[in-house]
Amino acid sequence: MAQDLVFAPLGGVGEIGMNAGLYGYGEGPKRRWLMVDCGVLFGDPAMTPGIDLIMPDIRFAKAQRANIEALVLTHAHEDHYGAVLDLWPELGCPVYATPFAAAMLEAKRVSERGAPKIDVRVIPQGGRFTAGPFEVEFVAVAHSIPESNALAIRTPAGTVVHTGDWKIDLTPVLGPATDEARLRAIGQEGVAAVIGDSTNALREGFSRSEKEVAESLKELIGSAPGRVAVTTFASNVGRLRAVAEAALACDRQVVVIGRAMHRALEVGRMLGYLEGIPEFLDADAYGYLPRDKVVALMTGSQGEPRAALARIANGDHPMVALAKGDRVIFSSRAIPGNEKAVGRVINGLIAGGAQVITDRTHFVHVSGHPHREELATLYGWLKPQLVVPVHGEELHMAEHLEAAKSAGAGSVARVRDGQMIRIAGGPAEIVDEVVSGRMLKDGRVLIYATEPTISERRKLAFAGVVSVALAIDQSGDVAGDPDVRFSGLPPRDDEGTPMLEVIRDTVLDCLDGLARPRRRDAALVASAIERAVRAELNLVWGKKPVCHVSVLGV
Ligand SMILES: [Zn+2]
Ligand SMILES: [Zn+2]
């Protein structure tokens, strides 16, 4: 059998988030593996109540632990590295990352109770390392966080370019532009396959530059009569730098509010990305600075209820308030699913008198992902034999396929989470399937999404819970009154009868309907009562709550 190169995504294909993929080289069970990225997906309160973070099910990688050479992180966005602290103990392999990603991971580790010490090896952009049969080169690409990389992964079967998240930005605010010369050179060597970012495949033309956003922000900060608050993704250090430069030019001082933003700025400063920028002030300075001398940088651009901006919008931040004439700039776009939460924050701010500027009316944000012309440009440089779209929903990936075809890619192929596709050393086709799925971080505990926890929680949210406890004596009579409790039910039915009474009567009627000898069978009584209570509530209320019945024989 030929030594082929395969790719098996465990997450990130069909959803934007929880990116994790495995490249395998070798023969069947003797394959060696290289894992790329290990990220999270943010939970949707309606679909996964109580769950903040969703992670890929990496059982397959765990089973291959002895054969995994390394985990490589393309960049420090949560959807690419957010699951490392939780899942790395299952892998135990060396983790390769740039200085920024390594420092962000370390900063997160020290702030998380019980987080493991990880074997991180720092590789600069442009650097290379070898792990088993894989020779990996970090190629600098522009994105919306410092030190984003495409990976050129060379194997004896051929070279695959894993684009990571990227765009073409000729004038980034921070760090190098996408390394066209290296990518062209890699294209000259020959590229068997590109595994590429589909996020913005629906958008025509080229994305605009961070430099242009910086200029626009400078105008908006310069023309503001009162205070200015700017919110954006904490990790977009280039954008934060642009705001700080604008503040400096307008003779305003920068106050930083929010833990995640402090953390990213500390790492950015340590690595020299804030050279020439004065020290930032903490939230306590906000109160004493004149209104036209302050720019507040804060977290909460996605409407997160615990972040600084949501608290300010609600008027319950201990140190920061906004008033009539103050300007709030959302230098961001709501991630799909967050629109309502962002809308609530915006409405709260406007109700409080602030002027709110978003990307709907002003040029205050650019995406970090390639539009169609950028995809075509990249395929022109790399001339890949095969393009496989990832990092997108079905629609994005379908558009990416079309864009790749019209850009002259040799061939295109689809892969889904849990499939294994051959990308070099033989025909491009699905060759196997691997275990895949989702894990949910529930409080401090990781559970499989297939466990009943969350569907139970959704049922509780929809119709509440009733519990009934009763004791039956030797002769089959109820000892005392049945104990009935409920949560999440309306207090009375639409005729005004208290729900407690409805349930208690149902329990007693149900017992009356059972022959005495049968009432000594606790399991039988419990299931009869459960059925009766749910049926009666369905009749009077139209919903069937969860119902727990305990029957004790005395
Ligand atoms: Zn991403
Ligand atoms: Zn990213």
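Being a predicted model, the structure only gives us computed values, none of them experimental.

1. Points about helix H10 (residues 339-351)
- Taking 1.5 Å of rise per residue, 13 residues should cover 18 Å, and H10 covers 18 Å from first to last C-alpha, within 8% of that figure.
- Taken residue by residue, H10 has Ala341, Val342, Val345, Ile346 and Leu349 as its buried positions. For H10, the angular spread of the buried residues around the axis is 135°, confining them to a single face. Relative to its buried face, H10 has exposed residues pointing more than 90 degrees away, namely Lys340, Arg344, Asn347 and Ala351.
- Close packing links the buried residues of H10 with helix H9 (308-313), strand E17 (327-330) and strand E18 (355-357).
- Just downstream of H10 lies Gly353, where phi reads positive at about 105°.

2. Section: the coordination of the zinc ion (ligand 1)
- The zinc ion (ligand 1) binds to the protein through Asp79 (OD), His80 (NE2), Asp165 (OD) and His391 (NE2); the donor distances cover 2.1 to 2.2 Å.
- Coordination at the zinc ion (ligand 1) is irregular: its 4 donor atoms span angles of 86 to 158° at the metal.
- Sequence spacing of the donors to the zinc ion (ligand 1): D-H-x84-D-x225-H.
- Distance-wise, the zinc ion (ligand 2) is placed 3.5 Å from the zinc ion (ligand 1), both being coordinated by Asp165.
- When its relative accessible area of 2% is taken as the criterion, His80 is described as buried.

3. Some words on the coordination of the zinc ion (ligand 2)
- For the zinc ion (ligand 2), the protein coordination sphere consists of His75 (NE2), His77 (ND1), His143 (NE2) and Asp165 (OD), at 2.1 to 2.3 Å.
- For the zinc ion (ligand 2), the 4 donor atoms are set out with angles of 92 to 162° between them, so the coordination reads as irregular.
- Mapping the donors of the zinc ion (ligand 2) onto the primary sequence yields the spacing H-x1-H-x65-H-x21-D.
- His77 sits in the buried class, given a relative accessible area of 14%.

4. Section: the packing of helix H11 (residues 372-382) against helix H12 (residues 394-406)
- In the contact formed by H11 and H12, the axes pass within 9 Å of each other and the chain directions differ by 50°. Comparing their axes, H12 and H11 come out oblique. Crossing hand, H11 versus H12: right-handed. Across from Arg372, Leu375 and Tyr379 in H11, the residues of H12 making contact are Glu399, His400, Glu402, Ala403 and Ala404.

5. Structural notes on the sheet that holds strand E9 (residues 128-131)
- Overall, mixed pairing links the 7 strands, which are arranged E9-E10-E11-E12-E13-E19-E20 in an open sheet. Edge positions in the sheet fall to E9 and strand E20 (411-412), since each has one partner strand and no second.
- Direction of pairing for strand E12 (residues 158-162) relative to strand E13 (residues 193-197): parallel, over a ladder of 3 bridges. Looking across to E13, one finds that Val160 is bridged to Ala193.
- The sheet strands contacting helix H5 (residues 180-189) are E9, strand E10 (134-141), strand E11 (148-155) and E12, and the helix crosses E10 at an angle near 145°.

6. Let's talk about the sheet that holds strand E2 (residues 20-26)
- Taking strand neighbours across the sheet as the criterion, the 8 strands line up as E8-E7-E6-E3-E2-E1-E21-E22 in an open arrangement whose pairing is mixed. Single-partner strands in this sheet number two, and they are strand E8 (120-122) and strand E22 (430-433). For this sheet, the mean angle separating the axes of adjacent strands, direction not counted, is 25°.
- Bridging between strand E7 (residues 95-97) and E8 involves 3 bridges; their strand directions are parallel. In the strand pairing of E8, Val95 is matched with Val120.
- Of the strands in this sheet, E7 and E8 are in contact with helix H4 (residues 99-111), which crosses E8 at around 150°.

7. Some words on the packing of H5 against H11
- Taken N-terminus to C-terminus, the directions of H5 and H11 make an angle of 50°; their axes are 7 Å apart at the nearest point. Relative to H11, the element H5 is oriented oblique. The residues of H11 that touch H5, namely those facing Glu180, Leu183, Arg184, Ile186 and Gly187, are Leu378, Trp381 and Leu382.

8. A closer look at the pairing of strand E25 (residues 465-472)
- Bridging between E25 and strand E26 (residues 478-487) involves 7 bridges; their strand directions are antiparallel. Within E26, the residue paired with Ser467 across the bridge is Arg485.
- Hairpin connection from E25 to E26: 5 residues lie between these consecutive antiparallel strands, with Gly476 at a positive phi of about 90°.
- Pairing of E25 with strand E27 (residues 546-553), which is carried by 8 bridges, proceeds in the parallel orientation. Each bridged residue has a counterpart across the sheet, and for Val465 the counterpart in E27 is Val546.

9. Notes on unusual backbone geometry
- Positive phi, close to 60°, is recorded for Glu147, a residue that is not glycine.
- Of note, Glu147 is situated in the loop between E10 and E11.
- Owing to a relative accessible area of 11%, Glu147 belongs among the buried residues under this scheme.
- Of note in the backbone geometry, His391 takes a positive phi value of approximately 50° without being a glycine.
- With respect to the helices, strands and loops of the structure, His391 is situated in the loop between strand E19 (386-390) and H12.
- The buried category is assigned to His391, whose relative accessible area is 4%.

10. As for the nonpolar core
- Ranked by size, the top nonpolar core spans 71 residues in total, and within it Met35, Leu71, Val84 and Ile329 carry the most contacts.
- With 7 residues, H4 is the single largest residue contributor to this core.
- The contacts of Met35, once residues within four sequence positions are left out, are Ala20, Gly21, Leu22, Ile58, Ala61, Ala70, Leu71, Val72 and Leu91.

Rules used throughout
Positions within a chain are numbered from 1, following the residues in the order the chain's sequence is written. The lettering of chains begins at A and the numbering of ligands begins at 1, in the order of writing. Owing to the predicted nature of the model, reporting of local features is limited to residues with pLDDT of at least 70; listing and counting of side-chain atom pairs is limited to 80 or more, with chain, interface and lining totals taken over all residues. Excluded from the side-chain calculations are hydrogens and water; all other atoms, namely the structure's heavy atoms, are used. A run of DSSP states H or I qualifies as a helix once it reaches four residues; a run of E qualifies as a strand once it reaches two. Both are numbered from the N-terminal end. What a helix is expected to span follows from its residue count: subtract one and scale by 1.5 Å. Exposed residues in this analysis have more than 50% of their type's maximum accessible area, buried residues have under 20%, and partly exposed residues fall in between, with area computed by a 1.4 Å probe over protein chains only. By arc we mean the arc of the directions from the helix axis to the C-beta atoms, nothing more. Should any heavy atoms of two residues lie within 4.5 Å, those residues are counted as being in contact. Each metal site lists N, O and S donors within 2.8 Å (3.2 Å for Na, K and Ca). With water left out of the atoms, a site can look as if it is missing ligands. Angle rules define the geometry names used: all angles between 85 and 135 degrees makes four donors tetrahedral, while opposite donors over 155 degrees apart and all other angles between 65 and 115 make four donors square planar and six octahedral, leaving every other case irregular. Interaxial angles span 0 to 180 degrees and are taken between N-to-C directions of axes, which are lines fitted to C-alpha atoms, for helices over the stretch in contact. Angles are sorted into four bins: roughly parallel if under 35 degrees, roughly antiparallel if over 145, roughly perpendicular if 65 to 115, and oblique for all others. Left-handed describes a crossing whose near helix is turned anticlockwise from the far helix through less than a right angle; right-handed describes the clockwise counterpart. When DSSP locates at least two bridges between a pair of strands, those strands are taken to pair. By nonpolar core we mean a set of buried residues, namely Ala, Val, Leu, Ile, Met, Phe, Trp, Tyr and Cys, connected to one another through side-chain atoms within 4.5 Å.

Read these as geometric descriptors, not functional statements.
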